[in-house]
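Fold and contact review
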Amino acid sequence: MRQLCVIGSGYVGLVTGTCFADMGNRVTLVDIDERKIEMLQAGQMPIYEPGLAETVLRITEAGRMRFTTSYEKGLTEAEFVFICVGTPSGVDGEADLQYVRAAAQTIAETMRQPLIVINKSTVPVGTGDWTTEIISSNQPQPVEFAVVSCPEFLREGSALADFMHPDRTVLGSTDRAAAEKVAELYAPLDAPIVITDIRTAEMIKYASNAFLATRISFINEISIICERLGADVTEVARGMGFDKRIGPHFLQAGVGFGGSCFPKDVKALANMAQTHGMHPQLLNAVMEINAFQRRQITLKTREMLGGSVSGKTVAILGLAFK
Ligand SMILES: NC(=O)c1ccc[n+]([C@@H]2O[C@H](COP(=O)([O-])OP(=O)(O)OC[C@H]3O[C@@H](n4cnc5c(N)ncnc54)[C@H](O)[C@@H]3O)[C@@H](O)[C@H]2O)c1
């Protein structure tokens with residue numbers, strides 16, 4: 001049984017903590033949001049995920065998970081600390097790293113024994129390097145630590161199942177031994193583990209999300225062409241999907257991609273490229289098509305309603321991201 005601390009009790013933190021505790025580890029979940037921690041202590045879930053409430057109840061009753069706002073309590077005896085705080089879009093589309101920075105600083109000020117710091121937040125390439133800097137420059141006394149990047153690939157709505165049955169686990173570090181210790185934590189999940197350097201691990205997350213978003217914009221562009229030429233995009237996608245080199249996933253034409261990750265991650269990757277003097281043509285096109293697709297829906301709705309939506313009652317089926 002290993003002692004883990006998880007910083008941030010949102011989608012990623014709560015699911016990570018819950019699943020590791022369910023796998024037999026001891027987990028302390030730390031959040032600065034007092035209301036969220038009070039809810040969790042009272043057995044109420046701040047989010048809905050299938051199976052989450054039952055699992056949290058089982059592992060808290062078994063004494064394997066607890067919730068606190070105190071980093072001291074969270075880090076006492078912990079061997080591993082997972083950073084799972086938010087990285088929303090900043091004004092120019094860049095990832096806003098204030099929460100990651102604050103978490104790293106508080107870990108540095110609070111840690112008293114050797115620690116492996118694992119970053120699960122989606123962060124720009126190079127974040128692992130400055131996280132190391134922040135921790136070493138804010139420790140009151142030098143204590144050994146290593147930073148490992150371990151991006152998360154779960155989807156909201158099937159988060160527990162995705163965590164427990166990942167397609168792969170990606171670990172990046174300059175400290176191979178630390179990455180291998182984290183690999184041991186993930187070993188029971190029986191999925192391929194890719195151990196690489198920290199910048200490559202950070203990029204794998206962005207490249208994966210950008211690629212999936214690209215597939216969606218691709219099929220949406222095809223859908224516009226299909227409409228003009230009298231072809232059925234749903235059948236086109238089905239016909240394409242049987243090709244093993246293409247596959248059927250993320251090929252449904254529609255309103256475009258949304259949710260808490262794809263829009264911000266594509267923007268952040270484009271911003272990274274731009275700030276390093278590159279012109280990310282494909283990423284820009286992916287975002288442009290996505291915005292166009294939304295406008296298309298409004299234009300079509302207006303057309304079907306005789307030119308104006310005002311005074312009309314419109315039903316929307318499916319209140320998900322879209
Ligand atoms: N939601 C997803 O489906 C998903 C999937 C993969 C990766 N990610 C990435 O994981 C990260 C977290 O996403 P999320 O959806 O869980 O975010 P979230 O906003 O749901 O949760 C973040 C939590 O961190 C807490 N927090 C902020 N600063 C803190 C601090 N200094 N100390 C302690 N707690 C702090 C917040 O109060 C909040 O509860 C993001 O980088 C996101 O891009 C999210």
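Residues numbered from 1 in each chain as written. Predicted model: local features only at pLDDT ≥ 70, side-chain atom pairs only at ≥ 80, totals over all residues. Heavy atoms only, no water.

Considerations on the pattern of salt bridges
The test is simple: When a carboxyl oxygen of Asp or Glu lies within 4 Å of a side-chain nitrogen of Lys or Arg, that pair is called a salt bridge. By the criteria applied, helices consist of DSSP H or I runs no shorter than four residues and strands consist of E runs no shorter than two, each listed in order from the N terminus. When accessible area is computed with a 1.4 Å probe and restricted to protein chains, residues below 20% of their type maximum are described as buried, those above 50% as exposed, and intermediate ones as partly exposed.
Evaluated as defined, the whole model comprises 11 salt bridges. Salt-bridge contacts for E184 lead to R2; the nearest nitrogen and oxygen are separated by 3.8 Å. Separated by 182 residues along the polypeptide, E184 in helix α8 (residues 176-186) and R2 in the segment before β1 (3-7) bring together distant segments of the chain. A salt bridge links E180 to R176; the shortest N-O distance between them is 3.0 Å. Taken together, the residues span about one helical turn, with E180 and R176 both in helix α8 at a distance of 4 residues. Given the relative accessible area of 38%, E180 is considered partly exposed. Taken together, the shared-partner salt bridges in this structure form one network comprising R2, E79 and E184.

Digging into the domain arrangement of the protein
Test applied: Reported domain spans reflect what an automatic or database domain assignment gives. We call two residues in contact when some of their heavy atoms are within 4.5 Å. Throughout, the accessible surface (probe 1.4 Å) given up by two parts as they are put together, summed over both, is called the buried area. N or O atoms closer than or at 3.5 Å make up a polar contact, with two conditions inside protein: a donor-capable atom paired with an acceptor-capable one, and, for residues adjacent in sequence, both atoms drawn from side chains. The nonpolar class holds Ala, Val, Leu, Ile, Met, Phe, Trp, Tyr, Cys and Pro. Asp, Glu, Lys and Arg form the charged class, and all remaining residues, Gly among them, are polar.
Domain parsing of the protein yields domain 1 (3-196) and domain 2 (209-304). If you average the C-alpha positions of domain 1 and of domain 2, the two centres end up 31 Å apart. Across the boundary between the two partners, domain 1 contributes 11 residues, which contact 7 residues of domain 2. The contact between domain 1 and domain 2 buries some 680 Å² in all, and 54% of this surface belongs to carbon and sulfur atoms. Ranking the residues of domain 1 by area buried against domain 2 places S89, G93 and T122 at the top, with a combined share of 42%. For the pair domain 1 and domain 2, the number of links is 0 salt bridges. The interface formed by domain 1 and domain 2 holds 4 residue pairs in polar contact (both at pLDDT 80 or more) in total. Each residue belonging to the side of domain 1 that touches domain 2 can be placed in one class, and the counts come to 4 nonpolar, 4 polar and 3 charged.

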